[in-house]
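Each chain is listed here by its residues.
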Amino acid sequence: MTQAELQATANTPTHSPEPGQRKWWEYFTFNTDHKVIGIQYLVTGFFFYLIGGVLASAMRTELATPAPDFVTPELYNGIMTLHGTIMIFMWIIPAGAGFANFLIPLMIGARDMAFPRLNAVAFWIVPPAGILLLTSFFVKPPEAGWTSYPPLSETASKAGEFIWILSVLLFGTASILGAINFLITILKMRIPSMGFNQMPLFCWAMLATSGLILIGTPVLAGALILLAFDIVAGTAFFNPTGGGDPIVYQHMFWFYSHPAVYIMVLPFFGVASEVIPVHSRKPIFGYRAIAYSSLAISFLGLIVWAHHMFTSGTPAWLRMFFMIATMVIAVPTGIKVFSWLATMWGGKIRLNSTMLFAMGFISTFVVGGLTGVMVASVPFDLHVHDTYFVVAHLHYVLFGGSVFGIYAAIYHWFPKMTGRMLNEPWGIVHFVLTYVGFNLTFLPMHELGLLGMPRRVAMYDPQFAHINLICTIGSYLLAVSTIPFLVNAIWSWVAGPKAGDNPWQALTLEWMTTSPPAIENFEILPVLDIGPYDYGMGDRSTEVDVPFSEAKEPVLSAGPSSVLRADPDPSVAVNPSDRQPEE
Amino acid sequence: MNIPNTILAMLVGILLTLVSLWYGQNHGLLPVAASDEAAQVDGLFNTMMTVATGLFIIVQGTLVIAAIRFRKRKGDNTDGPPVHGNVPLEILWTALPAVVVAWISIYSFEVYNAMGGFDPMAAGDSHAAHMSASSKMRGAAIAAPLPAADAENPPASAPSPNNLIAVGVGASPANRGQNADVSVNVTGLQYAWIFNYPDSNVSSGELHLPAGKEAQLNISAMDVLHAIWIPELRLKQDAIPGRTVELRFTPRRVGEYPLRCAELCGSYHGSMATKLIVQTPEDYASWLQSQQVASNPSLEKAVAVNPGNLSDSDFLAPYTTEMGMNPETLHQIHHTHH
Ligand code: HEM
Ligand SMILES: [Cu+2]
Ligand SMILES: [Cu+2]
């Protein structure tokens, strides 16, 4: 028997006879089923992603030539602000919440989230908030960037700015409600046999993410409410004309918004940790290191915010503190990247769309991480801060990290969510177009920034024209890359081949139920017969084809001569029966 | 071929190091460095680039090799080896990055110190002398769109907007405690920079500085945040309304360098650009003299360049032509929008 069969056999009693198909219209209702809510988040998020993408294409069209000839500079700033805001608050964060909603209860063997109604409320705040944000196009869109620094945000397009504040406040509320739910669900609703160290790594990642949301978001709300008072009531919290201090806003804003980048990327670290072992057919390498490094990242993420303010007149010693704290984050992040690579090394990698996106995720995220260490260095950041170097950096993290992670997750869990398989060849086409388009768009931006092109400009010096043209061509390729995915997803959802319970032979509990899962997930509580990543140790003689020692290819052996193995360690012994509990 | 694995690994390691070192020095990504401090920043960047190149190749290389060598073969449905971890290896890849970032931090610290980042004058200790100089800024008084800010006659009750200081980059350790050779008051406003030379009562739209002399900019803003960025000096500092920030540096290389606004300040943020002109001390002196003669009294001069009195398109004309668009385009833009 393979591992997956073992796990499935142990969970036969939990398996409901029928998959839980929902009617299409149920997705448009106030439904408390976490799976419905998860899909609601994802589809809504993707819808806004398309809008944000159209705005991005408009910006790149404007930037194809040095002169502001496609839209006015004013409108450019509006588009830029809405693009950033939509991508962050309506796409990446809701997508993370979507996967968390769908997966957490299934992964920990629960029937729903801890507070299902709160969960539905949290979701239903998002679409109105998004539509509200878009209505700002009818007045005059906010023009101060997604950071909305005063005093500019208090003088340019006040109505639009006010709408922006309202809408971000609503998102913040939704995000807090969601985080409370994730936290309590993970802490309290695991099956009894699942201790923290048997928890799937995605849950660890969501634990870290939820903590950040709960600590950071209220501070953002405070800043935005004060900003709103400045705009509508003429107070002067941040307005120097009345004795206010614009720098205080920056501190409050970044106290949330730096952690926000981890809120956006940690869930997809979790996704990578789920997807890579399944498709490499190997246990995750260094489970605990990956789990605890999420917590470390989340803690460190709270004390680095002023690295966005090295040019804002921050005192020298504080700059040094924030520089060092930021650099330290490279360590837990590095642990994760190396662990993923080691998980793949020596495996039997299935190069399907999921795995390709996961590998693309590592490949592009690493670039963002490396430039992240560079911009953490104060003297260098004085040069590249607020330039296209930063635009490149942030897209390598948010697109190369989060969006590639989202796609990996969609290809991986689509069969579970819909009961149908996506088309593989089109998935690969989608991956290739995205990967090439992405690098073509954003890699050259590093050079633009180093040479002297500031960000958030609608017109630029003609010396930058060639590189910008390349970026624009890349962005069109990216836009086109979405088409095969959309067609594939819609077509497969309706008419794709049936997936079965566990098409990837995975071991986490969501695969032990029907696809799509029954309404309340499991008939009775499921059990963990083997750990969530215990690949390759079922029947020693037949299923795991690993020579215990191999002179020529030590890498491929499981025995003591493997380059990846330490001394035999009872807690990670080859066969479950050889294992001794630790401590 | 029959090369043992260890030797192969060593060869790869050596090659990787060589490639990284070579690329770190020869990436050619940066514009010229016009000051000594800029050259130091470049050295720091080259180091980081070396490390980054190495790590980049390791990660991408591992991905590619894994994809080729460990891909699932047709018909093979078995699992990989059940390797759960390796403590020494994990310690290695925790400790190594920790050492590398510690090293980069120390290196950055030193470069920052050499640039003058820790000069107590610029780092936040009180220095009233500078403040009184900057509150005399002429451009400020004239162009101020702030309702309450009449910097030359601040109402007794309200603090003068330039009383607060923020922290910039001060004198490098060698020049500490001395006054800079040239002091310029810089004011950012939508969408231009005004450079005022308080010692000679000259105001200019371009920044002229003598090569090899230490310059000090006292930077402030009239309306919203701006940031002064001179890529060739690798220096950037926000201009903050209500505060004055000091930035000291020594340009070395004679030439003209772009000086751009790097903080979003409104629609025409992208056109808020001018030049830093580094001249020989003699050329600089004669420029200053010609300005003094031509622009006396300097007050009118400042008024003449006060963008507040120009229509948007008049004001933008010089910038837009520089950027390769003609005033008509701009006119159209304004029309279509209003
Ligand atoms: C679809 C491909 C994308 C393209 C072509 C694109 C392009 C751009 C461009 C041209 C800018 C303006 C840079 C500037 O003027 O400073 C920008 C800003 C930004 N983008 Fe994207 N982007 C894309 C996807 C994304 C994604 C997926 C995210 C995810 C969160 C994202 C987040 C942002 C943010 C936060 C900003 C900054 C906005 C601001 O400065 O206020 N973008 N992007
Ligand atoms: Cu940050
Ligand atoms: Cu500007």
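Residues numbered from 1 in each chain as written. Chains lettered and ligands numbered in written order. Predicted model: local features only at pLDDT ≥ 70, side-chain atom pairs only at ≥ 80, totals over all residues. Heavy atoms only, no water.

**Observations regarding the overall build of chain B**
Threshold: To qualify as a helix, a DSSP run of H or I must reach at least 4 residues; to qualify as a strand, a run of E must reach at least 2; elements of each kind are numbered from the N terminus. Each residue gets one of three labels from its accessible area relative to the maximum for its type: buried under 20%, exposed over 50%, partly exposed in between, using a 1.4 Å probe on protein chains only. Residues are treated as being in contact if the distance between any of their heavy atoms lies within 4.5 Å. Where accessible areas are quoted, they stem from the Shrake-Rupley method and a 1.4 Å probe; at the residue level, only the protein chains shown are allowed to cover.
For chain B, the count of helices and strands is nine helices and eleven strands. Burial analysis of chain B (338 residues in total) assigns 53% to the buried set. The long-range fraction of contacts in chain B, counting pairs at least 24 apart against all pairs at least 6 apart in sequence, stands at 73%. Of the accessible surface of chain B, which amounts to about 14800 Å², a share of 61% is contributed by carbon and sulfur atoms.

**Some thoughts on the layout of surface pockets**
All names here are of chain A. Keep this limit in mind: Cavities and pockets are found on a 1 Å grid laid over the protein atoms alone: a cavity is a set of points where a 1.4 Å probe fits but cannot escape, a pocket is an open set with protein on both sides within 12 Å along at least five of seven lines, and a lining residue has an atom within 4 Å of such a point. Grid points are joined across faces, edges and corners, and a volume is the space filled by probe spheres set on the points. Gly is put with the polar residues, along with every residue not named as nonpolar or charged; the nonpolar set is Ala, Val, Leu, Ile, Met, Phe, Trp, Tyr, Cys and Pro, and the charged set is Asp, Glu, Lys and Arg.
Computed from the structure, the second largest pocket encloses a volume of approximately 1100 Å³. Lining of the second largest pocket is provided by 41 residues; of these, Tyr27, Ile39, Leu42, Val43 and Trp493 occupy positions nearest its centre. Mapped onto the lining of the second largest pocket, the elements with two or more residues apiece are α2 (34-62), α3 (73-108), α4 (116-135), α13 (388-418) and α15 (465-495). Counting residues per element, the lining of the second largest pocket draws most heavily on α2, which supplies eleven residues. Looking at the lining of the second largest pocket residue by residue, the classes come out as 32 nonpolar, five polar and four charged.

**What to know about the interface of chain A and chain B**
By a widely used convention, the size of an interface equals the accessible area lost when the partners come together. The criterion, for reference: Accessible area that two parts lose when put together, evaluated with a 1.4 Å probe and summed over both, is termed the buried area. The term salt bridge refers to a pairing of a side-chain nitrogen on Lys or Arg with a carboxyl oxygen on Asp or Glu at a separation within 4 Å. Polar contacts, as used here, are pairs of N or O atoms within 3.5 Å; protein pairs need one atom able to donate a hydrogen and one able to accept it. Residues neighboring in sequence count only if both atoms are side-chain atoms.
On the chain B side, the residues contacting the 119 residues of chain A number 92 residues. Counting the surface lost from both chain A and chain B, the interface buries some 8600 Å², and carbon and sulfur atoms represent 69% of this. Counting across the chain A and chain B interface gives four salt bridges. Taken together, the connections running from chain A to chain B amount to 21 residue pairs in polar contact (both at pLDDT 80 or more). At the level of secondary structure, the elements contributing two or more residues to the side of chain A that touches chain B comprise α3, α5 (152-155), α8 (246-280), α9 (287-301), α10 (316-344), α11 (353-376), α12 (378-384) and α14 (424-451) of chain A. Top contributing element to the side of chain A that touches chain B by residue count: α10 of chain A, with 16 residues.

**With respect to the site of ligand 1**
All names here are of chain A. To keep things clear, this is the line we draw: Nearness here has a simple test: a residue counts as near a molecule or strand if at least one of its heavy atoms is within 4 Å of that partner.
Taken together, 24 residues are adjacent to ligand 1, and His83, Trp146, His395, Arg455 and Arg456 come closest. Within the contact set of ligand 1, an oxygen atom lies 2.7 Å away from a backbone nitrogen or oxygen of Trp146. At a separation of 2.7 Å, an oxygen atom of ligand 1 approaches a polar backbone atom of Arg456. Of all elements in the fold, only α2, α3, α13 and α15 reach the threshold of two or more residues within the shell around ligand 1. In terms of residue class, the shell around ligand 1 is made up of 16 nonpolar, five polar and three charged.

**Structural notes on the sheet that holds strand β7 (residues 226-230) of chain B**
All names here are of chain B. Quick note on the threshold: Pairs of strands are assigned from DSSP output, requiring at least two bridges between the strands. Working convention: axes come from line fits to C-alpha atoms, limited for helices to the stretch in contact. Angles between N-to-C directions cover 0 to 180 degrees.
Spatially, β5-β11-β10-β7-β8 is the arrangement adopted by the five strands of the open sheet, whose pairing is mixed. Looking at which strands have only one partner, the edges of the open sheet turn out to be β5 (207-210) and β8 (235-239). Across the sheet, the mean angle from the axis of one strand to that of its neighbour is 20 degrees, orientation sign disregarded. Taken together, the four bridges between β5 and strand β11 (residues 273-279) define a ladder with parallel strand orientation. Considered in β11, the bridge of Pro210 is made with Gln279.

**Regarding the coordination of the iron atom of ligand 1**
In an ideal octahedron of six donors the angles at the metal are 90 or 180 degrees, and in an ideal tetrahedron of four donors they are 109.5 degrees. All names here are of chain A. Our working rule: The donor definition counts N, O and S atoms within 2.8 Å of each metal and applies 3.2 Å to Na, K and Ca; water is not among these atoms, so some sites may look incomplete. The rule is simple: four donors are tetrahedral if all their angles sit between 85 and 135 degrees, four are square planar and six octahedral if opposite donors span more than 155 degrees and the others lie between 65 and 115, and anything that fits none of that is irregular.
The protein atoms that coordinate the iron atom of ligand 1 are His83 (NE2) and His395 (NE2), at distances of 2.0 to 2.1 Å. What the six donor atoms of the iron atom of ligand 1 show is an angle range of 88 to 178 degrees at the metal, which sorts the shape as octahedral. Residue His83 is located in helix α3, and its partner His395 is located in helix α13; the two are separated by 312 residues in the primary sequence. Each of the two residues, His83 as well as His395, counts as buried.

**Re the environment of Ile104 of chain A**
Residue and element names in this part refer to chain A. Note that Ile104 resides in helix α3. Under the relative-accessibility criterion, Ile104 is labelled buried at 0%. Separated by 82 residues in sequence, Ile104 and Ile186 place their C-alpha atoms 7.2 Å apart. Residues within four places of Ile104 in sequence aside, it is in contact with Phe99, Phe182, Thr185, Ile186, Phe202 and Met206.

**Details of the packing of aromatic side chains**
Residues and elements named next belong to chain A. Quick note on the threshold: Between 30 and 60 degrees the pair is tilted, below 30 it is stacked and above 60 it is edge-to-face, where a pair is any two Phe, Tyr or Trp rings, Trp via its six-membered ring, whose centres lie within 6.5 Å.
One pass over the structure, following the stated rule, counts 56 aromatic pairs over all chains. Arranged with centres 4.5 Å apart and planes meeting at 10 degrees, the rings of Tyr49 and Trp91 form a pair that is stacked. With Tyr49 in helix α2 and Trp91 in helix α3, the pair connects residues that are 42 residues apart, well separated along the chain. On the accessibility criterion, Trp91 (1% relative accessible area) is buried. Note on Phe99 and Trp413: the rings are 6.4 Å apart at their centroids and 45 degrees apart in plane angle, and the pair reads as tilted.

**Looking at the pairing of β8 of chain B**
Residue and element names in this part refer to chain B. Of all five residues making up β8, five are buried, and the element is well covered by its neighbours. Along β8, one buried face is formed by Leu235, Gln237 and Ala239 and the opposite face, lined by Lys236 and Asp238, is buried too. The pairing of β7 with β8 spans five bridges and is antiparallel. Directly across from Ile228, in β8, lies its bridge partner Gln237. Two successive antiparallel strands, β7 and β8, enclose a turn made up of four residues, where Arg234 displays a positive phi of approximately 55 degrees.

**A few points about the environment of Thr135 of chain A**
All names here are of chain A. Turning to its location among the elements, Thr135 is positioned in helix α4. In this structure, the C-alpha to C-alpha distance between Thr135 and Ser280, residues 145 residues apart in sequence, is 46 Å. Of the polar contacts made by the side chain of Thr135, one reaches the backbone oxygen of Leu132; its length is 2.4 Å.

**Some points on empty space enclosed by the protein**
All names here are of chain A. Applying the stated criterion across every chain, the model contains six cavities of 30 Å³ or more. Of the voids in this model, the largest cavity is the one considered here, and its volume is about 200 Å³. Taken together, 22 residues form the lining of the largest cavity, with Ile93, Pro94, Ala97, Ala174 and Ser175 sitting closest to its centre. Listing elements by their share of the lining of the largest cavity, those giving two or more residues are α3, α6 (158-188), α7 (201-233) and α8. Along the lines of polarity and charge, the residues of the lining of the largest cavity split into 16 nonpolar, six polar and no charged.

**Re the confidence of the model for chain B**
All names here are of chain B. Just so we agree on the cut-off: pLDDT is a residue-level measure of predictor confidence that goes from 0 to 100.
Counting all residues, the mean pLDDT for chain B is 77, and 72% of those residues have values of 70 or more. Overall, residues 125-162 carries pLDDT values under 50, and its contacts beyond four positions in sequence, including any with other chains, amount to 57 contacts. Contacts for the low-pLDDT stretch residues 298-310, under 50 throughout, to residues beyond four places or in other chains number 17 contacts. Here the predicted complex carries an ipTM of 0.88, next to a pTM of 0.86.

**Brief notes about the domain arrangement of chain B**
Residue and element names in this part refer to chain B. We apply this condition: Bear in mind that the domain bounds are from an automatic or database domain assignment.
Domains assigned within chain B are domain 1 (5-68 + 92-114) and domain 2 (124-141 + 164-336). At the junction of the two partners, domain 1 supplies 14 residues and domain 2 supplies 13 residues. Together, the buried faces of domain 1 and domain 2 total about 1100 Å²; carbon and sulfur atoms form 51% of this surface. Viewed at the interface, domain 2 and domain 1 are joined by two salt bridges. Notably, a salt bridge pairs Asp36 with Arg252, separated by 2.8 Å at the nearest N-O pair. Put simply, domain 1 and domain 2 have seven residue pairs in polar contact (both at pLDDT 80 or more) between them. When residues of the side of domain 1 that touches domain 2 are traced back to their parent elements, those giving at least two are α2 (36-69) and α3 (87-115).

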